[in-house]
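# Observations on the three-dimensional arrangement
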Amino acid sequence: MSKGDHIKPIIQVALDLPEADRAIQIAQESIQGGADWLEAGTPLIKSEGMDAVRKLREQFPDRTIVADMKIADTGAMEVEMGAKAGADIIVVLGSADDSTILEAVRAAGKYGVRIMADLISAVDPVSRSMELQKMGVDYINVHAGIDQQMTGQDSLSIMKKVVEKVSIPVAIAGGLDAVSCSEAVGAGADIVIVGGNIVRSSDVKGSAMAIRQSVDSPSAAPLLKYSADEEIRRILEGVSTPNISDAMHRKGAMQDIFTMLPGKRMVGTAVTVQTFKGDWAKAVEAIDEAKEGDVIVIYNGSRHVAPWGGLATMSCLNKGVAGVVIDGAVRDIDDIRSIGLPVFATCNVPNAGEPKGFGEINSEIVCGNQTVRPGDYIVGDDNGVVVIPKERAYEIARRAKEVEKTEQRLFEEIRRGSTLSEVMKLRKWEKH
(Lines give C-alpha, C1' and ligand atoms only; values in the text may rest on other atoms or scores of the structure.)
Protein backbone atom coordinates (compact mmCIF):
# COMPACT_ATOMS: atom_id res chain seq x y z
CA MET A 1 0.00 0.00 0.00
CA SER A 2 1.49 3.35 -0.99
CA LYS A 3 0.73 6.72 0.48
CA GLY A 4 -2.79 7.83 -0.39
CA ASP A 5 -4.09 4.40 -1.48
CA HIS A 6 -6.85 4.39 1.13
CA ILE A 7 -9.97 6.46 0.50
CA LYS A 8 -10.31 7.88 4.00
CA PRO A 9 -8.00 8.29 6.99
CA ILE A 10 -7.58 5.20 9.13
CA ILE A 11 -8.42 5.21 12.83
CA GLN A 12 -6.24 2.76 14.72
CA VAL A 13 -7.33 2.05 18.29
CA ALA A 14 -4.42 1.40 20.66
CA LEU A 15 -5.68 -1.18 23.17
CA ASP A 16 -3.21 -0.25 25.90
CA LEU A 17 -4.77 -2.40 28.62
CA PRO A 18 -3.32 -5.27 30.65
CA GLU A 19 -6.36 -7.57 30.20
CA ALA A 20 -7.38 -9.16 26.91
CA ASP A 21 -11.09 -9.55 27.77
CA ARG A 22 -11.45 -5.85 28.52
CA ALA A 23 -9.50 -5.01 25.36
CA ILE A 24 -11.86 -7.12 23.24
CA GLN A 25 -14.96 -5.46 24.69
CA ILE A 26 -13.52 -2.00 24.08
CA ALA A 27 -12.46 -3.04 20.57
CA GLN A 28 -16.03 -4.09 19.75
CA GLU A 29 -17.42 -0.77 20.93
CA SER A 30 -14.78 1.24 19.09
CA ILE A 31 -15.57 -0.55 15.82
CA GLN A 32 -19.23 0.28 16.33
CA GLY A 33 -18.13 3.90 16.55
CA GLY A 34 -16.19 3.78 13.28
CA ALA A 35 -12.67 2.65 14.16
CA ASP A 36 -10.77 0.70 11.50
CA TRP A 37 -7.64 -1.03 12.81
CA LEU A 38 -7.13 -2.70 16.19
CA GLU A 39 -3.79 -2.50 17.94
CA ALA A 40 -2.61 -4.93 20.57
CA GLY A 41 -0.84 -2.29 22.61
CA THR A 42 2.54 -2.82 24.21
CA PRO A 43 1.12 -3.12 27.76
CA LEU A 44 -1.38 -5.73 26.52
CA ILE A 45 1.33 -7.76 24.79
CA LYS A 46 3.60 -7.56 27.83
CA SER A 47 0.75 -8.78 30.03
CA GLU A 48 -0.80 -11.44 27.79
CA GLY A 49 1.95 -12.20 25.29
CA MET A 50 1.11 -13.30 21.77
CA ASP A 51 -2.18 -14.69 23.07
CA ALA A 52 -3.47 -11.11 23.01
CA VAL A 53 -2.89 -10.98 19.26
CA ARG A 54 -4.42 -14.43 18.78
CA LYS A 55 -7.56 -13.42 20.68
CA LEU A 56 -7.98 -10.25 18.67
CA ARG A 57 -7.54 -12.17 15.43
CA GLU A 58 -10.09 -14.77 16.54
CA GLN A 59 -12.65 -12.16 17.57
CA PHE A 60 -12.09 -9.82 14.61
CA PRO A 61 -11.13 -11.96 11.61
CA ASP A 62 -11.87 -9.23 9.06
CA ARG A 63 -10.01 -6.41 10.79
CA THR A 64 -6.42 -5.28 10.41
CA ILE A 65 -4.58 -6.26 13.60
CA VAL A 66 -1.49 -4.30 14.60
CA ALA A 67 0.95 -5.82 17.11
CA ASP A 68 2.75 -2.96 18.87
CA MET A 69 5.78 -5.03 19.82
CA LYS A 70 8.26 -2.14 19.49
CA ILE A 71 10.86 -4.63 18.38
CA ALA A 72 14.36 -3.51 19.39
CA ASP A 73 16.32 -6.72 18.66
CA THR A 74 15.89 -10.20 17.14
CA GLY A 75 13.83 -8.64 14.37
CA ALA A 76 13.20 -11.79 12.34
CA MET A 77 12.23 -13.94 15.33
CA GLU A 78 9.77 -11.45 16.77
CA VAL A 79 8.18 -10.66 13.41
CA GLU A 80 7.66 -14.37 12.92
CA MET A 81 6.01 -14.60 16.35
CA GLY A 82 3.66 -11.71 15.58
CA ALA A 83 2.82 -12.98 12.11
CA LYS A 84 2.03 -16.52 13.28
CA ALA A 85 -0.16 -15.11 16.05
CA GLY A 86 -2.28 -13.35 13.44
CA ALA A 87 -0.97 -9.79 13.20
CA ASP A 88 -1.16 -7.97 9.86
CA ILE A 89 1.19 -5.15 10.89
CA ILE A 90 4.06 -5.43 13.35
CA VAL A 91 5.66 -2.45 15.02
CA VAL A 92 9.41 -2.09 15.31
CA LEU A 93 11.24 0.57 17.27
CA GLY A 94 12.39 3.15 14.76
CA SER A 95 15.60 3.80 16.70
CA ALA A 96 16.57 0.12 16.70
CA ASP A 97 19.79 -0.82 14.96
CA ASP A 98 19.61 -0.92 11.17
CA SER A 99 20.37 -4.63 11.23
CA THR A 100 17.24 -5.24 13.32
CA ILE A 101 15.08 -3.13 11.00
CA LEU A 102 16.38 -4.93 7.91
CA GLU A 103 15.83 -8.36 9.47
CA ALA A 104 12.29 -7.37 10.43
CA VAL A 105 11.57 -6.19 6.88
CA ARG A 106 12.95 -9.43 5.38
CA ALA A 107 10.89 -11.54 7.78
CA ALA A 108 7.79 -9.47 7.00
CA GLY A 109 8.19 -10.30 3.32
CA LYS A 110 8.57 -13.97 4.16
CA TYR A 111 5.45 -14.13 6.35
CA GLY A 112 3.25 -11.74 4.41
CA VAL A 113 2.94 -8.98 7.01
CA ARG A 114 3.79 -5.27 7.03
CA ILE A 115 6.14 -3.25 9.22
CA MET A 116 5.36 -0.01 11.02
CA ALA A 117 8.32 1.86 12.51
CA ASP A 118 7.61 3.81 15.69
CA LEU A 119 9.71 6.98 16.03
CA ILE A 120 9.15 7.29 19.79
CA SER A 121 12.23 8.90 21.38
CA ALA A 122 14.13 9.01 18.08
CA VAL A 123 16.92 11.60 18.27
CA ASP A 124 16.32 12.98 14.75
CA PRO A 125 12.89 11.65 13.76
CA VAL A 126 12.72 13.37 10.36
CA SER A 127 16.04 12.00 9.13
CA ARG A 128 15.33 8.63 10.65
CA SER A 129 11.99 8.41 8.87
CA MET A 130 13.76 8.82 5.54
CA GLU A 131 16.26 6.09 6.45
CA LEU A 132 13.47 3.76 7.54
CA GLN A 133 11.65 4.22 4.25
CA LYS A 134 14.81 3.29 2.34
CA MET A 135 15.14 0.15 4.46
CA GLY A 136 11.68 -0.93 3.37
CA VAL A 137 9.27 -0.30 6.24
CA ASP A 138 5.65 0.14 5.20
CA TYR A 139 4.52 2.84 7.64
CA ILE A 140 6.09 5.54 9.78
CA ASN A 141 4.50 6.29 13.16
CA VAL A 142 5.32 9.71 14.60
CA HIS A 143 4.74 9.13 18.29
CA ALA A 144 5.08 11.15 21.48
CA GLY A 145 4.96 8.56 24.25
CA ILE A 146 2.73 8.91 27.28
CA ASP A 147 5.55 10.03 29.56
CA GLN A 148 6.70 12.52 26.91
CA GLN A 149 3.14 13.86 26.57
CA MET A 150 3.04 14.47 30.31
CA THR A 151 5.93 16.90 29.95
CA GLY A 152 4.35 18.80 27.06
CA GLN A 153 5.87 17.10 24.00
CA ASP A 154 3.61 16.48 21.03
CA SER A 155 3.78 14.64 17.73
CA LEU A 156 2.08 17.06 15.37
CA SER A 157 4.94 19.46 14.67
CA ILE A 158 7.26 16.54 13.88
CA MET A 159 4.65 14.79 11.75
CA LYS A 160 4.23 17.86 9.56
CA LYS A 161 7.94 17.64 8.67
CA VAL A 162 7.93 13.86 8.21
CA VAL A 163 5.06 13.84 5.67
CA GLU A 164 7.09 16.17 3.47
CA LYS A 165 10.06 13.77 3.40
CA VAL A 166 8.54 10.31 2.92
CA SER A 167 6.15 8.80 0.40
CA ILE A 168 4.90 5.88 2.52
CA PRO A 169 1.84 6.31 4.79
CA VAL A 170 2.43 8.25 8.00
CA ALA A 171 0.66 7.56 11.27
CA ILE A 172 0.52 9.85 14.28
CA ALA A 173 0.08 8.87 17.92
CA GLY A 174 0.26 10.53 21.29
CA GLY A 175 -2.67 11.89 23.27
CA LEU A 176 -4.90 12.48 20.26
CA ASP A 177 -8.53 13.51 20.63
CA ALA A 178 -11.17 14.48 18.06
CA VAL A 179 -9.79 18.00 17.59
CA SER A 180 -6.12 17.03 17.29
CA CYS A 181 -6.99 14.08 15.01
CA SER A 182 -8.73 16.49 12.68
CA GLU A 183 -5.75 18.80 12.60
CA ALA A 184 -3.37 15.87 12.05
CA VAL A 185 -5.34 14.58 9.06
CA GLY A 186 -5.59 18.10 7.71
CA ALA A 187 -1.79 18.28 7.95
CA GLY A 188 -1.26 15.03 6.06
CA ALA A 189 -1.60 12.09 8.46
CA ASP A 190 -2.86 8.89 6.85
CA ILE A 191 -3.46 7.01 10.12
CA VAL A 192 -4.45 8.41 13.51
CA ILE A 193 -3.66 6.16 16.47
CA VAL A 194 -5.90 6.89 19.43
CA GLY A 195 -5.50 5.31 22.85
CA GLY A 196 -6.76 6.88 26.04
CA ASN A 197 -9.41 9.13 24.51
CA ILE A 198 -11.20 6.04 23.24
CA VAL A 199 -9.99 3.18 25.43
CA ARG A 200 -10.50 5.00 28.72
CA SER A 201 -13.71 6.74 27.73
CA SER A 202 -16.92 5.95 29.59
CA ASP A 203 -18.57 6.03 26.13
CA VAL A 204 -16.15 4.23 23.82
CA LYS A 205 -18.55 4.11 20.87
CA GLY A 206 -19.40 7.82 21.19
CA SER A 207 -15.73 8.81 21.47
CA ALA A 208 -14.84 6.74 18.40
CA MET A 209 -17.73 8.31 16.49
CA ALA A 210 -16.50 11.79 17.37
CA ILE A 211 -13.05 10.96 16.05
CA ARG A 212 -14.51 9.33 12.93
CA GLN A 213 -16.44 12.51 12.16
CA SER A 214 -13.42 14.70 12.80
CA VAL A 215 -11.07 12.81 10.49
CA ASP A 216 -13.65 12.40 7.74
CA SER A 217 -14.09 16.18 7.68
CA PRO A 218 -10.64 17.37 8.73
CA SER A 219 -9.71 20.93 9.51
CA ALA A 220 -6.31 22.45 8.93
CA ALA A 221 -7.12 25.19 11.42
CA PRO A 222 -4.56 25.28 14.25
CA LEU A 223 -5.56 24.15 17.72
CA LEU A 224 -6.42 26.81 20.25
CA LYS A 225 -3.22 27.47 22.16
CA TYR A 226 -3.04 28.28 25.85
CA SER A 227 -0.22 29.63 27.97
CA ALA A 228 1.40 27.06 30.26
CA ASP A 229 -0.45 28.44 33.28
CA GLU A 230 -3.78 28.53 31.44
CA GLU A 231 -3.36 24.96 30.28
CA ILE A 232 -2.43 23.73 33.77
CA ARG A 233 -5.41 25.45 35.35
CA ARG A 234 -7.74 24.24 32.60
CA ILE A 235 -6.76 20.62 33.23
CA LEU A 236 -6.76 20.90 37.02
CA GLU A 237 -10.27 22.36 36.98
CA GLY A 238 -11.48 19.09 35.50
CA VAL A 239 -9.88 16.59 37.88
CA SER A 240 -10.36 15.75 41.55
CA THR A 241 -7.83 15.89 44.36
CA PRO A 242 -7.91 12.05 44.55
CA ASN A 243 -7.01 11.98 40.83
CA ILE A 244 -4.09 14.29 41.55
CA SER A 245 -2.96 12.32 44.59
CA ASP A 246 -2.95 9.14 42.49
CA ALA A 247 -0.95 10.92 39.79
CA MET A 248 1.59 11.93 42.45
CA HIS A 249 1.81 8.38 43.82
CA ARG A 250 -0.22 9.25 46.94
CA LYS A 251 1.84 12.33 47.76
CA GLY A 252 0.92 16.01 48.04
CA ALA A 253 -2.22 15.77 50.18
CA MET A 254 -2.42 18.10 53.18
CA GLN A 255 -3.27 16.50 56.53
CA ASP A 256 -6.10 17.58 58.83
CA ILE A 257 -7.30 20.40 56.54
CA PHE A 258 -10.91 20.34 55.38
CA THR A 259 -13.31 22.42 53.32
CA MET A 260 -15.42 24.98 55.15
CA LEU A 261 -17.76 25.28 52.13
CA PRO A 262 -18.83 21.87 50.81
CA GLY A 263 -19.19 21.78 47.04
CA LYS A 264 -16.65 24.53 46.36
CA ARG A 265 -13.56 23.83 44.24
CA MET A 266 -10.36 25.83 44.24
CA VAL A 267 -7.42 25.93 41.82
CA GLY A 268 -4.63 28.49 42.00
CA THR A 269 -1.01 29.32 42.70
CA ALA A 270 0.26 29.76 46.22
CA VAL A 271 0.94 32.99 48.06
CA THR A 272 2.42 31.66 51.29
CA VAL A 273 2.17 33.10 54.80
CA GLN A 274 4.19 32.06 57.85
CA THR A 275 2.67 33.46 61.01
CA PHE A 276 2.20 32.57 64.67
CA LYS A 277 -0.73 31.52 66.82
CA GLY A 278 -3.45 34.12 66.53
CA ASP A 279 -1.31 36.72 64.74
CA TRP A 280 -3.41 37.69 61.74
CA ALA A 281 -1.46 40.68 60.40
CA LYS A 282 0.62 38.87 57.76
CA ALA A 283 -2.34 36.71 56.74
CA VAL A 284 -4.39 39.81 55.94
CA GLU A 285 -1.47 41.67 54.36
CA ALA A 286 -1.01 38.73 51.96
CA ILE A 287 -4.29 39.72 50.30
CA ASP A 288 -2.56 42.86 49.03
CA GLU A 289 0.29 40.75 47.63
CA ALA A 290 -2.01 38.25 45.92
CA LYS A 291 -2.94 38.37 42.24
CA GLU A 292 -6.07 37.14 40.54
CA GLY A 293 -6.16 33.34 40.63
CA ASP A 294 -3.81 32.99 43.60
CA VAL A 295 -4.50 30.90 46.68
CA ILE A 296 -3.38 32.26 50.06
CA VAL A 297 -1.79 29.45 52.07
CA ILE A 298 -1.27 30.17 55.78
CA TYR A 299 0.58 28.34 58.49
CA ASN A 300 -0.80 29.49 61.87
CA GLY A 301 -0.47 26.35 63.95
CA SER A 302 -3.40 26.81 66.33
CA ARG A 303 -6.75 25.08 66.45
CA HIS A 304 -7.93 27.55 69.08
CA VAL A 305 -7.19 31.07 67.78
CA ALA A 306 -8.14 32.13 64.23
CA PRO A 307 -5.92 34.24 61.94
CA TRP A 308 -8.74 34.56 59.38
CA GLY A 309 -12.41 35.50 59.27
CA GLY A 310 -15.23 37.05 57.31
CA LEU A 311 -13.69 40.49 56.68
CA ALA A 312 -10.49 38.99 55.27
CA THR A 313 -12.54 36.67 53.09
CA MET A 314 -14.58 39.56 51.70
CA SER A 315 -11.35 41.45 50.96
CA CYS A 316 -10.19 38.54 48.78
CA LEU A 317 -13.08 39.09 46.39
CA ASN A 318 -11.67 42.49 45.43
CA LYS A 319 -8.38 40.87 44.32
CA GLY A 320 -9.85 37.83 42.58
CA VAL A 321 -8.20 35.44 45.01
CA ALA A 322 -9.17 31.84 44.21
CA GLY A 323 -9.26 30.56 47.78
CA VAL A 324 -7.60 30.31 51.18
CA VAL A 325 -5.93 27.41 53.00
CA ILE A 326 -5.15 27.65 56.71
CA ASP A 327 -3.17 25.23 58.83
CA GLY A 328 -5.10 26.38 61.85
CA ALA A 329 -8.52 27.69 62.78
CA VAL A 330 -10.89 30.04 60.98
CA ARG A 331 -13.79 32.06 62.38
CA ASP A 332 -16.95 33.82 61.11
CA ILE A 333 -17.90 30.64 59.35
CA ASP A 334 -21.44 31.85 58.58
CA ASP A 335 -20.07 34.97 56.88
CA ILE A 336 -17.52 32.92 54.94
CA ARG A 337 -20.20 30.57 53.66
CA SER A 338 -22.37 33.52 52.67
CA ILE A 339 -19.48 35.12 50.76
CA GLY A 340 -18.82 31.84 48.97
CA LEU A 341 -15.03 31.99 48.57
CA PRO A 342 -13.45 28.53 49.01
CA VAL A 343 -11.79 28.34 52.42
CA PHE A 344 -10.04 25.27 53.80
CA ALA A 345 -8.93 25.06 57.44
CA THR A 346 -8.33 22.72 60.33
CA CYS A 347 -11.48 23.81 62.19
CA ASN A 348 -13.62 26.86 63.04
CA VAL A 349 -13.67 28.74 66.35
CA PRO A 350 -15.14 32.04 67.64
CA ASN A 351 -12.03 33.91 68.72
CA ALA A 352 -9.27 35.74 66.87
CA GLY A 353 -5.89 36.88 68.07
CA GLU A 354 -4.05 40.17 67.59
CA PRO A 355 -2.38 41.76 64.52
CA LYS A 356 1.19 41.76 65.84
CA GLY A 357 2.91 41.49 62.46
CA PHE A 358 5.28 38.59 63.11
CA GLY A 359 6.10 36.17 60.30
CA GLU A 360 6.62 36.64 56.57
CA ILE A 361 4.93 36.42 53.20
CA ASN A 362 6.07 34.30 50.24
CA SER A 363 8.63 32.16 51.97
CA GLU A 364 8.69 28.36 51.90
CA ILE A 365 6.32 27.03 54.56
CA VAL A 366 4.89 23.76 55.79
CA CYS A 367 1.10 23.60 55.72
CA GLY A 368 -0.83 20.45 56.55
CA ASN A 369 2.51 18.64 56.77
CA GLN A 370 3.26 19.50 53.13
CA THR A 371 5.98 21.84 51.90
CA VAL A 372 4.49 24.77 49.99
CA ARG A 373 6.51 27.33 48.03
CA PRO A 374 5.28 30.50 46.37
CA GLY A 375 3.89 29.61 42.95
CA ASP A 376 3.13 25.97 43.70
CA TYR A 377 -0.30 24.91 42.44
CA ILE A 378 -2.97 24.35 45.09
CA VAL A 379 -6.14 22.38 44.39
CA GLY A 380 -8.96 21.93 46.89
CA ASP A 381 -12.32 20.18 46.82
CA ASP A 382 -14.54 18.24 49.22
CA ASN A 383 -11.85 15.57 49.57
CA GLY A 384 -9.20 17.98 50.82
CA VAL A 385 -6.24 19.97 49.49
CA VAL A 386 -3.23 18.90 47.43
CA VAL A 387 0.00 20.74 46.67
CA ILE A 388 1.62 20.36 43.24
CA PRO A 389 5.25 21.52 42.87
CA LYS A 390 5.27 24.28 40.27
CA GLU A 391 8.06 22.72 38.19
CA ARG A 392 6.01 19.52 37.72
CA ALA A 393 2.57 21.11 37.49
CA TYR A 394 1.94 20.44 33.79
CA GLU A 395 3.11 16.84 34.05
CA ILE A 396 1.04 16.13 37.17
CA ALA A 397 -2.04 17.78 35.66
CA ARG A 398 -1.77 15.60 32.54
CA ARG A 399 -1.20 12.46 34.58
CA ALA A 400 -4.19 13.30 36.79
CA LYS A 401 -6.33 13.62 33.65
CA GLU A 402 -5.25 10.13 32.59
CA VAL A 403 -6.19 8.83 36.05
CA GLU A 404 -9.60 10.49 35.69
CA LYS A 405 -10.16 8.85 32.28
CA THR A 406 -9.26 5.43 33.66
CA GLU A 407 -11.64 5.84 36.59
CA GLN A 408 -14.50 6.89 34.34
CA ARG A 409 -14.02 3.75 32.26
CA LEU A 410 -13.95 1.61 35.42
CA PHE A 411 -17.17 3.25 36.63
CA GLU A 412 -18.79 2.37 33.31
CA GLU A 413 -17.72 -1.27 33.51
CA ILE A 414 -18.99 -1.52 37.09
CA ARG A 415 -22.30 0.06 36.05
CA ARG A 416 -22.66 -2.78 33.58
CA GLY A 417 -22.71 -5.29 36.44
CA SER A 418 -19.09 -6.10 37.22
CA THR A 419 -17.32 -5.48 40.52
CA LEU A 420 -14.15 -3.51 41.11
CA SER A 421 -12.10 -6.59 41.93
CA GLU A 422 -13.33 -8.32 38.77
CA VAL A 423 -12.59 -5.33 36.55
CA MET A 424 -9.15 -4.81 38.07
CA LYS A 425 -8.32 -8.54 38.04
CA LEU A 426 -7.03 -8.14 41.60
CA ARG A 427 -6.43 -11.82 42.19
CA LYS A 428 -4.42 -12.08 39.00
CA TRP A 429 -2.11 -9.23 39.98
CA GLU A 430 -1.80 -9.92 43.73
CA LYS A 431 1.64 -10.59 45.10
CA HIS A 432 1.95 -14.19 46.26
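Cut-offs used in this document
- Residues numbered from 1 in each chain as written.
- Predicted model: local features only at pLDDT ≥ 70, side-chain atom pairs only at ≥ 80, totals over all residues.
- Heavy atoms only, no water.
- Helix = DSSP H or I, 4+ residues; strand = E, 2+ residues; numbered from the N terminus.
- Contact = heavy atoms within 4.5 Å.
- Areas by Shrake-Rupley, 256 points an atom, 1.4 Å probe, with all protein chains shown as cover.
- Lys, Arg positive; Asp, Glu negative; His and termini not counted.
- Charge placed at Lys NZ, Arg CZ, Asp CG, Glu CD.
- Salt bridge = Lys/Arg side-chain N within 4 Å of Asp/Glu carboxyl O.
- Buried < 20%, exposed > 50% of the residue type's maximum accessible area, 1.4 Å probe, protein only.
- Patch = residues over 30% accessible without salt bridge, like charges linked within 9 Å, V, L, I, M, F, W, Y side chains within 5 Å.
- pLDDT = per-residue confidence, 0-100.
- Core = buried A, V, L, I, M, F, W, Y, C linked by side-chain atoms within 4.5 Å.
- Phe/Tyr/Trp six-rings, centres within 6.5 Å; stacked < 30°, edge-to-face > 60°.
- Pairing = 2+ DSSP bridges.
- Right-handed = clockwise from strand over helix to strand, strands pointing away.
- Arc of directions from axis to C-beta.
- Axes fitted to C-alpha atoms, helices over the stretch in contact; angles between N-to-C directions.
- Polar contact = N/O pair within 3.5 Å; in protein donor to acceptor, adjacent residues only side chain to side chain.
- Parallel < 35°, antiparallel > 145°, perpendicular 65-115°, else oblique.
- Nonpolar A, V, L, I, M, F, W, Y, C, P; charged D, E, K, R; others polar.

What the protein chain contains, in helices and strands, is 19 helices and 18 strands. Looking at the protein chain alone, contacts between residues at least 24 apart form 72% of all its contacts between residues at least 6 apart. Summing over all exposed atoms, the protein chain offers an accessible surface of approximately 19200 Å²; the carbon and sulfur share of this is 50%. Of note, the protein chain has its 50 positive side-chain charges centred 2 Å away from the centre of its 62 negative side-chain charges.

Turning next to the pattern of salt bridges. As enumerated under the stated definition, the model contains 31 salt bridges in all. A salt bridge links Asp332 to Arg331; the nearest nitrogen and oxygen atoms lie 3.6 Å apart. The exposure class of Arg331 is partly exposed, given its relative accessible area of 28%. One continuous salt-bridge network, built from bridges that share partners, spans Glu19, Arg22, Glu29, Arg409, Glu412, Glu413, Arg415 and Arg416.

Turning next to a nonpolar patch on the surface. Where nonpolar side chains cluster on the molecular surface, the patch consists of Ile414, Leu420, Met424 and Leu426 and spans about 320 Å² of accessible area. By the secondary structure assignment, Ile414 is in helix H17 (residues 393-415).

The subject of this paragraph is the confidence of the model for the protein chain. Per-residue pLDDT for the protein chain has a mean of 91; in total, 94% of the residues score no lower than 70. Contacts for the low-pLDDT stretch residues 1-6, under 50 throughout, to residues beyond four places or in other chains number 15 contacts.

This part covers the nonpolar core. In terms of nonpolar packing, the biggest core is built from 67 residues, with Leu15, Val53, Val79, Ile90, Ile140, Met159 and Val192 touching the most fellow members. For this core, the leading source of residues is helix H1 (residues 20-32), giving 6 residues. Ranked by size, the runner-up nonpolar core spans 22 residues in total, among them Met260, Ile333, Leu341 and Ala345.

What follows covers the packing of aromatic side chains. Inspection of every chain in the model, using the stated rule, returns 1 aromatic pair. Measuring from centroid to centroid gives 5.7 Å for Trp37 and Tyr139, while their planes differ by 80 degrees, and the two rings are edge-to-face. Of this pair, Trp37 sits in strand E2 (residues 37-40) while Tyr139 is found in strand E6 (residues 139-143), placing the two residues 102 residues apart along the sequence.

Moving on, we get to the pairing of strand E3 (residues 65-71). Counted residue by residue, E3 has 6 buried out of 7 residues, so it is predominantly covered. Bridge analysis of E2 against E3 gives 3 bridges, and the strand direction is parallel. Directly across from Glu39, in E3, lies its bridge partner Val66. Note that E3 and strand E4 (residues 89-93) share 3 bridges and pair parallel. Considered in E4, the bridge of Ala67 is made with Ile90. Crossover handedness for the path E3 to helix H4 (residues 75-85) to E4: right-handed.

Moving on, we come to H4. Taken together, the buried positions of H4 are Gly75, Val79, Gly82, Ala83 and Ala85. In an axial view of H4, the angular spread of the buried residues amounts to 165 degrees, which keeps them on one side of the axis. Within H4, the exposed residues directed more than 90 degrees away from the buried face are Met77 and Lys84. Taken from the residues just after H4, Gly86 is the one with a positive phi, measuring 115 degrees.

It is worth spelling out the sheet that holds strand E8 (residues 191-194) at this point. Spatially, 8 strands are ordered E1-E2-E3-E4-E5-E6-E7-E8 in a closed barrel, and the strand pairing comes out parallel. Neighbouring strand axes in the sheet, compared pairwise and without regard to direction, differ in orientation by 25 degrees on average. As judged from the 4 bridges shared by strand E1 (residues 10-15) and E8, these two strands associate in the parallel manner. Each bridged residue has a counterpart across the sheet, and for Ile11 the counterpart in E8 is Val192.

Another point: the environment of Thr42. Locating Thr42 in the fold gives a position in helix H2 (residues 42-48). On a C-alpha basis, the gap between Thr42 and Gly174 in space is 14 Å, while along the polypeptide they are 132 residues apart. Apart from residues lying up to four places away in sequence, Thr42 is in contact with Asp16, Asp68 and Lys70. Among the polar contacts listed, one links the side chain of Thr42 to the backbone oxygen of Asp68, at a separation of 2.9 Å.

Within the secondary structure, Trp429 sits in helix H19 (residues 426-429). A relative accessible area of 46% places Trp429 in the partly exposed class. For Trp429, the contacting residues outside a window of four places in its chain are Pro18, Glu19, Ser47 and Met424.

All right, on to the packing of H1 against H17 then. Their axes nearest at 13 Å, the elements H1 and H17 cross at an angle of 90 degrees. For the element pair H1 / H17, the angle class is roughly perpendicular. Judged by residue contacts, Arg22, Gln25, Ile26 and Glu29 of H1 engage Arg409, Leu410 and Glu413 from H17. A breakdown of the residues in the contact of H1 with H17 according to their chemical character gives 2 nonpolar, 1 polar and 4 charged.

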